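So the chains spell out like this:
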Amino acid sequence: MTASWSKDQLLDEMRQYTTLLEAKNAALADLSATSIEMWSTLSASESADISDVLKRREQHCKRCVEASNRIKSSSGMVEIASQAAETVGGELGDLSQKVLALYNKSQTLSEEILTRQQQCEAILKARLDDTAKALRQSVQRRKLDAAYGPAHKHGTPIFLDRQR
């Protein structure tokens, strides 16, 4: 523990930090739920409209940023809590363990959000690749139509002369 803080000051700091962590975890839980909803929507339909989900996700991201910025002012509390959880009992020890549990929960939620984000990115990248392929094929078909006429089958042209 730090020598500059009294036990009462440390308890107050831990309580404030616990409140901040709870707010951050609530924001992360909302963001996680929105990420899961976005992933399930993208997985369920090829032409899913996720614009509403993206708007909500943006709001949840802003809440997470605000909560994280408030927590940055209390940096070092996790180390203090881990030291106090090992050496101190009573209310301070219980509060320290609660801080550690909340911190671990926020780490778990963050990892889940990143995993869902990567899954959504993979789905969207695959769809972009499919769209790019369809556009290339469309351009190729238009070129074939211009050269051989629209009645031609859209496959590889077969030349009637021997020169190919």
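For the structure, check the block above.
What counts, and where the lines are drawn
- Residues numbered from 1 in each chain as written.
- Predicted model: local features only at pLDDT ≥ 70, side-chain atom pairs only at ≥ 80, totals over all residues.
- Heavy atoms only, no water.
- Helix = DSSP H or I, 4+ residues; strand = E, 2+ residues; numbered from the N terminus.
- Expected span 1.5 Å × (residues − 1).
- Buried < 20%, exposed > 50% of the residue type's maximum accessible area, 1.4 Å probe, protein only.
- Arc of directions from axis to C-beta.
- Contact = heavy atoms within 4.5 Å.

S.K.: Where do I start with helix α2 (residues 51–72) in this structure?
M.R.: Given 3.6 residues to a turn, an α-helix orients residues that are three or four positions apart in the same direction. With 22 residues, α2 extends 31 Å between its outermost C-alpha atoms, agreeing within 8% with the 32 Å of an ideal straight helix rising 1.5 Å per residue. Where α2 is concerned, the buried positions are Val53, Arg57, His60, Cys64, Ala67 and Ile71. Seen along its axis, α2 keeps its buried residues to an arc of 85°; they face one direction. More than 90 degrees from the buried face of α2, the exposed residues found are Lys55 and Gln59. On its buried face, α2 is in contact with α1 (7–44) and α4 (90–148).

S.K.: Would you mind going over helix α3 (residues 77–87) with me for this structure?
M.R.: Within α3, burial applies to Met77, Val78, Ile80, Ala81, Ala84 and Ala85. Taken around the axis of α3, the buried residues stretch over an arc of 155°, which confines them to a single face. Within α3, the exposed residues directed more than 90 degrees away from the buried face are Glu86 and Thr87. At its buried positions, α3 is contacted by α1 and α4.

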